[in-house]
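Read off the chains here:
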Amino acid sequence: MIYCEQYPFVIFHKERNKMSEPKKAKWYHIRKNFLFTLLAIFLCIFCIAWWYDLPMGEGSTGIAVPLEPFQKAWHSGKVLMVGMGDSITTGFGAGGSNYGYFERLMKNAPQDAEDIKGRSLSRVFPDLTVMNLASNASSSGEHLRVQLTYLNKQEPDVLGIVALTTGGIDLIHNYGKEPPKDEACYGATLQDGILYGKKFRERLNKLLDSIKERFPGGCKIFLANIYDPTDGVGDIENVHPLLRLIQKLPPWPDGVKILQIFNQHIKEAAEARDFVYLVDIHSVMLGHGIHCKDSKNPHYCAKDPTYWYYFNLEDPNQRGYDAIRRVFLLKMIKAFDVEKK
């Protein structure tokens, strides 16, 4: 401190401020702290993923599809292949535009396993046209009110083949953020679920019959049921911890029962129509959900205890789409009576 008789206070005040003023951090100190913080966050996420990640496996899903039916044409005339429904048919979560089940029905993906190569619809329908009307996060009502409007009535010489996935969004939305309602009934009681199931059935009946009307030359609709990513347990709130940070799902005690109601309606709607074929993706996906590693689960798959769903839980991953593609092909082989020819 410097003393001055004339302005002692002023000099003292300046020196005091100078002495008490904190030193400014150098730019490289700030960057170092930021990098350390970023590294700590990354390590936390990595540790969570390491401890809780579910094994997805590699290669074939092991569902055998015979090669012989694909050595000859199933139909020599014009065929219009139509995809309708939700994000399962768009292939969301497949990890590429060629790896959804719908695209892989038409032709093999570049990384397909050897036991599925040569099994595709482009080999058995020489005059094939493809149109995918499916859209992400779309309910059964939107399939009826919107997607159907883009499907024009075809000429009598066109055979229609339709792959349809519907009803899943009706169940999962709006993730418990809003009170349950028709077409978005997550969290509904069993009593309300029965009511929503009846309304779903009414829309489904109308959708199936309206599709048939668009094909005076005949059509075959391959209707998938709804899978259960909880492997029958019903604890949908116990999803991957990383997903819980983004989308926390509240418990849904009656969820599995309402899922069964919807699947029963899908089954009955298919059985009531000779042009509709039920594709049971529910059964094939059991044991490959969030309890795939639980050997005590009744659906545990000892040969392949892997996870076939995408990060968001409501869509399959690449191997899940492979499995779905295979069960669609198996049902199509039966529908066209290929094995008898």
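Residues numbered from 1 in each chain as written. Predicted model: local features only at pLDDT ≥ 70, side-chain atom pairs only at ≥ 80, totals over all residues. Heavy atoms only, no water.

Participant: What exactly am I supposed to notice about the sheet that holds strand β4 (residues 219–224) here?
Facilitator: Picture the strands of a sheet paired through backbone hydrogen bonds; they go either parallel or antiparallel. Ordered by their spatial adjacency, five strands build an open sheet running β2-β1-β3-β4-β5, and the pairing between neighbours is parallel. The open sheet has two edge strands with one neighbour each: β2 (127–132) and β5 (276–279). When strand polarity is set aside, the average angle formed by the axes of neighbouring strands in this sheet is 20 degrees. Looking at chain direction, β4 and β5 are connected through four bridges and run parallel. (Pairing = 2+ DSSP bridges. Helix = DSSP H or I, 4+ residues; strand = E, 2+ residues; numbered from the N terminus. Axes fitted to C-alpha atoms, helices over the stretch in contact; angles between N-to-C directions.)

Participant: Honestly, the nonpolar core in this entry has me stumped. Any pointers?
Facilitator: Note on soluble globular proteins: their nonpolar side chains tend to be buried together. By size, the foremost hydrophobic cluster in this structure holds 87 residues, and its most contacted members are Trp74, Leu121 and Phe328. Of all the elements, helix α11 (residues 318–335) adds the most residues to this core, at nine residues. (Core = buried A, V, L, I, M, F, W, Y, C linked by side-chain atoms within 4.5 Å. Buried < 20%, exposed > 50% of the residue type's maximum accessible area, 1.4 Å probe, protein only.)

Participant: I keep staring at unusual backbone geometry and nothing clicks. Help me out?
Facilitator: Backbone phi values are negative for most residues with the exception of glycine, while trans is the configuration of most peptide bonds. Following His173, the chain continues to Asn174 via a peptide bond in cis, the omega torsion being 0 degrees. The topology assignment puts Asn174 in the loop between α6 (168–172) and α7 (190–213). The residue Ala137 is not glycine, and still its phi comes out positive at about 55 degrees. Assignment of secondary structure puts Ala137 in the loop between β2 and α5 (140–145). Residue Leu313 is not a glycine yet carries a positive backbone phi of 75 degrees. Residue placement: Leu313 occurs in the loop between α10 (281–285) and α11.

Participant: In this structure, what is going on with the confidence of the model for the chain? I would like to understand it.
Facilitator: Detailed reading of predicted coordinates is not advised where the pLDDT is low. Averaged over every residue, the pLDDT of the chain is 89; residues scoring 70 or more account for 83%. In the model of the chain, helix α1 (residues 8–20) stands out as the element of lowest mean pLDDT, 43, in contrast to β4, which has the highest, 99. Here residues 1–19 is modelled with pLDDT under 50, and outside its nearest four sequence neighbours on either side it reaches six contacts, counting other chains as well. (pLDDT = per-residue confidence, 0-100. Contact = heavy atoms within 4.5 Å.)

Participant: Looking at this structure, I do not really get the pairing of strand β1 (residues 78–85). What am I missing?
Facilitator: Looking down a regular strand, the side chains alternate between one sheet face and the other. Among the eight residues that make up β1, seven are buried, leaving the element largely enclosed by the rest of the structure. Here β1 runs beside β2; their pairing, made up of six bridges, is parallel. By the bridge assignment for β2, Met81 is matched with Val130. Here β1 runs beside strand β3 (residues 158–165); their pairing, made up of eight bridges, is parallel.

Participant: When you look at the environment of Ser76 in this model, what are you seeing that I'm missing?
Facilitator: If you trace the backbone, Ser76 turns up in the loop between α2 (27–52) and β1. C-alpha of Ser76 to C-alpha of Val124: the two residues are 48 residues apart in sequence and 8.4 Å apart in space.

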